[in-house]
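# Understanding the architecture of this molecule
Listed here are the chains, written in short residue letters.
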Amino acid sequence: MALLDQDRLFPVEDKPRQIARALYETVADLPIISPHGHCDPQWFAENERFPNPSELFVTPDHYVFRMLVSQGVSMDDLGVPRADGSVGEADPRKIWRIFAEHFHLFRGTPSSLWLNHSFEHVFGLDIPFNTDTADAYYDHIEAKLAEDAFRPRALFESFGIECLATTEGALDDLKWHAQIRDSDWNGRVITTYRPDAVVDPEFEGFAENVEKFGALTGEDTATWSGYLNAHRLRRAFFKEHGATASDHGHATARTEALSRQDAEALFQKAIAGKCSKEEADAFRGQMLTEMARMSLDDGLTLQIHAGSVRNHSSKVLASHGRDKGFDIPSRTDYVHALRPLLSEVGMERDLNIILFTLDETVYGRELAPLAGAYPALRLGPPWWFFDSYEGIMRFREQTTETAGFYNTAGFNDDTRAFCSIPARHDVSRRSDCAYLATLVATGRLGESDAFEVAHDLTYRLAKEAYRL
Amino acid sequence: MALLDQDRLFPVEDKPRQIARALYETVADLPIISPHGHCDPQWFAENERFPNPSELFVTPDHYVFRMLVSQGVSMDDLGVPRADGSVGEADPRKIWRIFAEHFHLFRGTPSSLWLNHSFEHVFGLDIPFNTDTADAYYDHIEAKLAEDAFRPRALFESFGIECLATTEGALDDLKWHAQIRDSDWNGRVITTYRPDAVVDPEFEGFAENVEKFGALTGEDTATWSGYLNAHRLRRAFFKEHGATASDHGHATARTEALSRQDAEALFQKAIAGKCSKEEADAFRGQMLTEMARMSLDDGLTLQIHAGSVRNHSSKVLASHGRDKGFDIPSRTDYVHALRPLLSEVGMERDLNIILFTLDETVYGRELAPLAGAYPALRLGPPWWFFDSYEGIMRFREQTTETAGFYNTAGFNDDTRAFCSIPARHDVSRRSDCAYLATLVATGRLGESDAFEVAHDLTYRLAKEAYRL
Amino acid sequence: MALLDQDRLFPVEDKPRQIARALYETVADLPIISPHGHCDPQWFAENERFPNPSELFVTPDHYVFRMLVSQGVSMDDLGVPRADGSVGEADPRKIWRIFAEHFHLFRGTPSSLWLNHSFEHVFGLDIPFNTDTADAYYDHIEAKLAEDAFRPRALFESFGIECLATTEGALDDLKWHAQIRDSDWNGRVITTYRPDAVVDPEFEGFAENVEKFGALTGEDTATWSGYLNAHRLRRAFFKEHGATASDHGHATARTEALSRQDAEALFQKAIAGKCSKEEADAFRGQMLTEMARMSLDDGLTLQIHAGSVRNHSSKVLASHGRDKGFDIPSRTDYVHALRPLLSEVGMERDLNIILFTLDETVYGRELAPLAGAYPALRLGPPWWFFDSYEGIMRFREQTTETAGFYNTAGFNDDTRAFCSIPARHDVSRRSDCAYLATLVATGRLGESDAFEVAHDLTYRLAKEAYRL
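Attention in this report is confined to the structure presented alongside it.

Parameters at a glance
- Residues numbered from 1 in each chain as written.
- Chains lettered and ligands numbered in written order.
- Predicted model: local features only at pLDDT ≥ 70, side-chain atom pairs only at ≥ 80, totals over all residues.
- Heavy atoms only, no water.
- Least-squares fit on C-alpha atoms with pLDDT ≥ 70 in both.
- Contact = heavy atoms within 4.5 Å.
- 1 Å grid on protein atoms, 1.4 Å probe; cavity = no way out; pocket = protein on both sides within 12 Å on 5 of 7 lines; lining within 4 Å.
- Points joined across faces, edges and corners; volume = space filled by probe spheres on them.
- Helix = DSSP H or I, 4+ residues; strand = E, 2+ residues; numbered from the N terminus.
- Domains from an automatic or database assignment.
- Pairing = 2+ DSSP bridges.
- Axes fitted to C-alpha atoms, helices over the stretch in contact; angles between N-to-C directions.
- Buried area = accessible area lost by both parts, 1.4 Å probe.
- Salt bridge = Lys/Arg side-chain N within 4 Å of Asp/Glu carboxyl O.
- Polar contact = N/O pair within 3.5 Å; in protein donor to acceptor, adjacent residues only side chain to side chain.
- Nonpolar A, V, L, I, M, F, W, Y, C, P; charged D, E, K, R; others polar.
- Phe/Tyr/Trp six-rings, centres within 6.5 Å; stacked < 30°, edge-to-face > 60°.
- Lys NZ or Arg CZ within 6 Å of the ring centre and 35° of its normal.
- Buried < 20%, exposed > 50% of the residue type's maximum accessible area, 1.4 Å probe, protein only.
- Core = buried A, V, L, I, M, F, W, Y, C linked by side-chain atoms within 4.5 Å.
- Right-handed = clockwise from strand over helix to strand, strands pointing away.
- Disulfide = S-S within 2.5 Å.
- Expected span 1.5 Å × (residues − 1).
- Arc of directions from axis to C-beta.
- Parallel < 35°, antiparallel > 145°, perpendicular 65-115°, else oblique.
- Left-handed = near helix turned anticlockwise from the far one by under 90°.

### Considering the relation of the copies chain C and chain A
When chain C is fitted onto chain A, the two copies agree to an RMSD of 0.0 Å after a turn of 120 degrees and an axial shift of 0.0 Å. Such values leave the two copies arranged in the relation of a three-fold axis. A share of only 7% of interface residues in chain C that are also interface residues in chain A marks the association as one of differing surfaces.

Take a look at the structure:
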């Protein structure tokens, strides 16, 4: 018995299904390159066991708990920590039972595939998860978690991860990364430079953050040049801890290419807390261009994750804080927004800028034409809500004809749900193989070419795009 | 011989086709729940025969006549009533022949499926409709319409309708509903509260409507509190005539959560006819929030139908009036527009708000993420232009992975073309079964789960969402 | 051996594949109607041989060279002429080798299908193109180009072209068209009226262009009425050289219906060089309406190609000029933008306006509802980035259900790559047949109807829409 169909996500027709299967067999066991995500480096530094099934699968994963919330379950009953740090329900078994009771809500969703994949492939379970089996599941997973083979480092290895990037703020001391580096463990866990707190004038405590930024780097961050220098030094520090990329999660993809004088004046306004909403947006835009310029020097890949309206519900933000499933995409322009940046550095061959979107309408209209022209651009994989079979198909169908495969950047799992990493990469590999098989079966791609492309999409393009 | 393929809309491949067929067999004959539409309650109150084939199929159905108009047929030649009440062509047989002559225009459209379904299943016709058969069709249908079995109530029953909601304005006296209720007929025909005339400051005669609203309810609708009370009373009156929902068809999805004082001031401007375009929009937005608050008390489901640019052609509006096929969708934002309303009541578990859109780009980007988070939200089925096989597929493919099935609200036929009701529900059932079968065949859904979901999509979810 | 799969682009499943093949067989050899494109009329006037393989396939085709540029190849190394007229690499064989080296970039793109189609069907090549075969390819094609059978007129005939429209500016003397007309060759090569230089106040040298326009026509183009008369006369001159259409490539689809007085005032501002950006846009919009009014008199079909942000990279514009693959689509509204024009002339049955878009989101939301209502409107085929299998499928799937087939205008190849013309029409024919076959196999279209529709989409609708 099995929870998962062995041929899942492959085309239904016999011929392309066979091609997809053949392609998949050549990539299924390739090492996992995870160049962008939100795992906690402390896991691998300390290598403590995961506390219990609910804290592994439910509480930290907003993909999972928001679905239950959408059907009337309260975050408190799921033990999701409140903004003040307190917790409603503390009994993990009770939480687990609520999860089981609502598992049907995930029918047809990627979460269902990911969870069943983890249950089956990580924990060896093969009976369906539901209210009848909830306790047996809980006991089984709990017992496994107590084994050494289920500690973070051991799972990292059994998942076949070649490289895993986490994401840290510019002010982070990277001590967990240092501890990993200095340990006798050889797993490659690297950091990523995420400077929101010091590039976004609307970020809580921005001015103090910039001061602290100066203290950390020994630069006078009350001046524009000192501030930029502080970024340079901090990027170098992140590089020492493995970073090959920076990451920028703005509400829009706006960029600016201001004169030095204008940028400086804007910066002074920003640290004085005097930016209007519009000026704050302009400053963030200018900083994308500054980051790209620094990338020309230090070689970090620049990731732009644009278009999320964060904390849509003020009530949820007040009660339970950020990252609780209430970040909603909105319409996002790239073609005008990126023009200042691209006019500056878009034709640079030695620069890698990876674009992500939550607005699928831009795939064919904006992103593929841009990436199919500018040498500096690569398209990141389908992000967040769109990291799914249908999302991947739409991405390929809407970008390949204009930008081809070689202007894309492989797969990201982008997750904080550690056990879902192999599942997510598996969905990506299968979906890409399904797409390629369809191209072959309809005479749009040679079969031998398809094998090469499958390998590239799974492994080579991610390594190249992120210089791993 | 048959007009329709028995396996229409099912996947082509053998395996999923068999699954789709098996799923469909379990839902094909379930009762029809029609919780939103535009049938005329007078039909069921008086139970008079339908006048003739053209007035049944052509003249009242803008889906049908606008297609002929788009190819140069004049509305007058089709007997579409003019704005002044006069009629061009009055001979129904002549109209019918023009219809037949242009029937090829419907190739590949849902209208073609709906019409052929009605011809075959309601009237027992099995030869193709075209200029050669036009007269035979006319005579056959005309003869049937004279039979008692083809009167409205008899058709209602033979269609297997369990519940049919019509839509009436807030000032309507609901006399036809009263007559149905007081008759010896047991068909469940209910009303829906549609208050456009008294919530939209740009509606013709708004101020007088609000006055009449006061007279009807005994409230002083010159005051904000009296006006709100009038709504409460009117909603109660509609509930007495079966209503379980209100319906709001604004050009945008804008909502507001103004202070009482600001709302009151805006209302005074509105009844004084002094609202700017922007203020009128804000007032409509505020009223959506007020309606949601009232729903918390009286339990009516709130439907938001946003995004139609009504009466695009001023010439057609002048010559033939409203609802003549010249309402065109436009880009519509939900994520910012709904924020004020959702911040107020979005987390309420006992509130049902059903969102409809004519902008398919919001399915995956805005609606599914919102409905997959806020407990108060449900997604309405594909609406109007998108109530079709491809439209349903896009809806499912773009919403299921984020919002699942259980944040959707079943099917609406939304029609004033009575005979198309069984046809439309059949297309919906077949399309959903096709989608589910594809999920099963690609390992994304368990087969036994699929049977449960098929039943839910056809029957249970509509009853729940509308509290029927 | 063959480069192309004989059943390419047909559905994979046996039944619809057979239907698609049967449909395709009836349209594969129909004459090519090419009512919109950018071939150079000089080719057919002078009938000189094409210079070499690189100048046939690489240098002039921005679909091809931009893909190499996007991966870091420089335009100079590809011999793309610079803005100042100079050329970097001049050795066509070297360019050809770079092309071969990067041919894998086209995997999965329509360019790959088009190029392989040309290689196989025009030049009789059947080994894969790559670095190993690059020189053999070059020598083979070069030898063929020296043959009379490969001169422009001979290829025109062997391609089965019944009519080919080129596009010329309003100030063009049309001497090549006159030379073709006056030659003993009977190929139908016609012009199209493209007045950008004299209707766009932001066009380089607008004021002087309008003066020259006056000189050419003997009208006083310093007055609004003289200027309009000049258009009338010029349109008549273009008609004498075969034109059946005008073409308008604005950044937006904005139209205006200004009073005569306001239009006149705006025109005076425009020729005085005093238009703001907004006024320039309004003037272009007014001119669309003026062109439509003239079409009512002279019968020219009006084409609107809206939504391209031209010359996105200022660097590339400076170094290599226009049309270098850096024109990027952006979000484009039609529903509000076209309202003034449509209120004036949308209900005219004798007017043909063909709408094109680079924003696929408008297919279902705006264009199909508009074309499914207004008699004057037809939908042009998928344009530019979307002239591909997936692009065609999305177009049909998103427009057919609302607008049917008969509000569409057949296929355009829109190309300056002469050898790709048969390839592009072949892709269009196959894709349409695939779509129709899917409709038949899923019971949405009768099989005999499908044969009629296939013929209409391939041949009749283009002739009708362009009055050829």
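### A word on empty space enclosed by the protein
Residues and elements named next belong to chain C. A volume near 110 Å³ is recorded for the second largest cavity. The set of elements that each furnish at least two residues to the lining of the second largest cavity consists of helix H3 (53–57), helix H6 (110–122) and helix H19 (420–441). When residues of the lining of the second largest cavity are assigned to domains, at least three map to each of domain 1 (14–51 + 151–465) and domain 2 (52–150).

### So, the sheet that holds strand S4 (residues 189–190) of chain B
Residues and elements named next belong to chain B. A sheet is described by the order of its strands in space; here three strands give the open sequence S1-S2-S4, paired in parallel fashion. Each edge of the open sheet carries a strand with a single partner, namely strand S1 (32–34) and S4. In this structure, S1 lies alongside strand S2 (residues 161–165), joined through three bridges in parallel fashion. The residue bridging Ile33 from the neighbouring strand is Cys163, located in S2. On top of the sheet, helix H19 (residues 420–441) reaches S1 and S2; it is set at about 105 degrees to S1, its chief contact.

### Comments concerning the interface of chain C and chain A
Contact residues are listed per partner, giving 45 residues for chain C and 44 residues for chain A. Where chain C abuts chain A, roughly 3800 Å² becomes buried across the two surfaces, and 54% of that area is made up of carbon and sulfur atoms. Taken as a group, Arg107(C), His312(C) and Arg331(C) account for 20% of the area that chain C buries against chain A, more than any other trio of residues on that side. Viewed at the interface, chain A and chain C are joined by four salt bridges. Taking the shortest distance from any N to any O, the salt bridge between Arg107(C) and Glu452(A) comes out at 3.4 Å. The tally of links between chain C and chain A comes to 25 residue pairs in polar contact (both at pLDDT 80 or more). At the level of elements, helix H4 (62–69), H6, helix H15 (314–320), strand S9 (328–329) and helix H18 (389–403) of chain C are the ones that each hand at least two residues to the side of chain C that touches chain A.

### A few points about the relation of the copies chain A and chain B
Here chain A sits on chain B after a turn of 120 degrees about the axis and a move of 0.0 Å along it, with an RMSD of 0.0 Å. Looking at the interface residues of chain A, only 7% of them are also at the interface in chain B, so each copy uses its own face.

### Examining the interface of chain A and chain B
At the interface, 45 residues of chain A touch 44 residues of chain B. Interface of chain A and chain B: buried area, both sides summed, is about 3800 Å²; carbon and sulfur atoms make up 53% of it. The largest per-residue losses of area from chain A upon contact with chain B belong to Arg107(A), His312(A) and Arg331(A), which jointly make up 20% of the total buried on that side. Between the two partners, chain A and chain B, sit four salt bridges. Salt-bridge contacts for Asp359(A) lead to Arg365(B); the nearest nitrogen and oxygen are separated by 3.0 Å. Our count for the chain A to chain B interface comes out at 25 residue pairs in polar contact (both at pLDDT 80 or more). The set of elements that each furnish at least two residues to the side of chain A that touches chain B consists of helix H4 (62–69), helix H6 (110–122), helix H15 (314–320), strand S9 (328–329) and helix H18 (389–403) of chain A. The leading source of residues in the side of chain A that touches chain B is H18(A), at four residues. Looking at the side of chain A that touches chain B, its residues break down into 17 nonpolar, 16 polar and twelve charged.

### Focus: the environment of Arg194(C)
Residues and elements named next belong to chain C. Within the element layout of this structure, Arg194 appears in strand S5 (residues 193–194). Residues Arg194 and Arg235, 41 residues apart in the sequence, show an inter-C-alpha distance of 9.6 Å. Polar contacts involving the side chain of Arg194 include one to the side chain of Asp196, which spans 3.0 Å.

### Some remarks on the packing of aromatic side chains
Under the definition given, this model contains 135 aromatic pairs over all chains. Consider the rings of Trp96(A) and Phe119(A), whose centres lie 6.4 Å apart with planes at 65 degrees: the pair is edge-to-face. Taken together, the residues Trp96(A) in helix H5 (residues 92–101) and Phe119(A) in helix H6 connect sequence positions 23 residues apart. Ring pairs connect the aromatic residues Phe57(A), Trp96(A), Phe99(A), Phe103(A), Phe106(A), Phe119(A), Phe123(A), Phe129(A), Tyr137(A), Tyr138(A) and Phe150(A), which therefore count as one cluster. Across from the ring centre of Phe203(A), 6.0 Å away, lies the NZ or CZ of Arg322(A), which sits over that ring. If you follow Arg424(B) out to its NZ or CZ, it ends over the ring of Trp114(B), 3.8 Å from the centre.

### Let's talk about the pattern of salt bridges
Oppositely charged side chains may form a pair once their charged atoms are brought near each other. Residue and element names in this part refer to chain A. Scanning the model with the defined rule gives 114 salt bridges over all chains in all. Glu202 serves as the salt-bridge partner of Arg284, at 3.1 Å between the closest nitrogen and oxygen. Of the two residues, Arg284 sits in helix H14 (residues 277–298) while Glu202 sits in the loop between helix H10 (196–199) and helix H11 (206–217), which places them 82 residues apart along the sequence. Judged by its relative accessible area of 8%, Arg284 falls in the buried class.

### Here we look at the nonpolar core
Most often, soluble globular proteins keep nonpolar side chains buried together rather than apart. Residues Trp96(A), Phe119(A), Trp96(B), Phe119(B), Trp96(C) and Phe119(C) are the most contacted members of the largest nonpolar core, which totals 469 residues. When sequence neighbours within four positions are dropped, the list of residues in contact with Trp96(B) reads Pro53(B), Ser54(B), Phe57(B), Val58(B), Phe119(B), Phe129(B), Ala134(B), Tyr137(B), Tyr138(B) and Ile141(B).

### Here we look at the side chain of Thr244(B)
Residues and elements named next belong to chain B. With respect to the helices and strands, the residue Thr244 is situated in the loop between helix H12 (224–240) and strand S6 (245–248). Of the polar contacts made by the side chain of Thr244, one reaches the backbone oxygen of Tyr466; its length is 2.8 Å. Leave out the neighbours within four places in its chain, and Thr244 touches Ile190, Thr191, Gly299, Leu300, Thr301, Tyr466, Arg467 and Leu468.

### As for the pairing of strand S10 (residues 353–357) of chain B
Remember that side chains alternate between the two faces of the sheet whenever the strand is regular. All names here are of chain B. Counting buried positions along S10 gives five out of five residues, so the element sits mostly inside the fold. Burial along S10 is two-sided: the residues Ile353, Leu355 and Thr357 and Ile354 and Phe356 are all buried. You can see the chain leave S10, run along helix H17 (residues 362–371) and come back into strand S11 (residues 377–379), and the turn it takes is right-handed.

### Section: the sheet that holds strand S4 (residues 189–190) of chain A
Residues and elements named next belong to chain A. Strands sit in the order S1-S2-S4 across an open sheet of three strands; the sheet is parallel. Pairing within the sheet leaves two strands with one partner each, and these edge strands are strand S1 (32–34) and S4. Of the strands in this sheet, S1 and strand S2 (161–165) are in contact with helix H19 (residues 420–441), which crosses S1 at around 105 degrees.

### Some thoughts on the state of the cysteines
Residue and element names in this part refer to chain A. Per the counting criterion, the structure on display carries zero disulfides over all chains. A disulfide-free cysteine, Cys39 has its sulfur positioned 9.5 Å from the sulfur of Cys419, the nearest such atom. Judged by its relative accessible area of 4%, Cys39 is buried.

### Structural notes on helix H13 (residues 260–271) of chain A
Residues and elements named next belong to chain A. For H13, which comprises twelve residues, the first-to-last C-alpha distance of 17 Å matches the rise-based estimate of 16 Å (1.5 Å per residue) to within 8%. Those residues of H13 not exposed but buried are Ala263, Leu266, Phe267 and Ala270. Projected down its long axis, H13 carries its buried residues within an arc of 105 degrees, all on one side. Packed against the buried residues of H13 are H11, helix H12 (224–240) and H14.

### Some words on the packing of H17(B) against helix H18 (residues 389–403) of chain B
Residues and elements named next belong to chain B. At a minimum axis separation of 9 Å, H17 and H18 run at an interaxial angle of 40 degrees. Overall, the two elements H17 and H18 adopt an arrangement that is oblique. Between H17 and H18 lies a crossing of right-handed hand. In contact with Tyr363, Gly364, Ala368 and Pro369 of H17, H18 contributes Arg394, Phe395, Gln398, Thr399, Thr402 and Ala403. Split by residue class, the contact of H17 with H18 holds five nonpolar, four polar and one charged.

### Section: H12(A)
Residues and elements named next belong to chain A. Relative to the 24 Å expected for 17 residues at 1.5 Å per residue, H12 spans 25 Å between its end C-alpha atoms, a close match to the ideal helical length. Here H12 has its buried residues at Trp224, Gly226, Tyr227, Leu228, Ala230, His231, Arg234, Arg235 and Phe238. Gly242, located one to two residues past H12, shows a positive phi value of around 95 degrees.

### Regarding the side chain of Asn407(C)
Structurally, the position occupied by Asn407(C) is in the loop between H18 and H19. There is a polar contact of 2.9 Å between the side chain of Asn407(C) and the side chain of Ser70(B). In this structure the side chain of Asn407(C) is engaged in a polar contact, spanning 3.0 Å, whose partner is the backbone oxygen of Ala403(C).

### Focus: unusual backbone geometry
Residues and elements named next belong to chain B. The phi angle at Leu174 is positive, at roughly 55 degrees, despite the residue not being glycine. The phi torsion at Trp384 lies on the positive side, around 65 degrees, for a residue other than glycine. With respect to the secondary-structure elements, Trp384 resides in the loop between S11 and H18.

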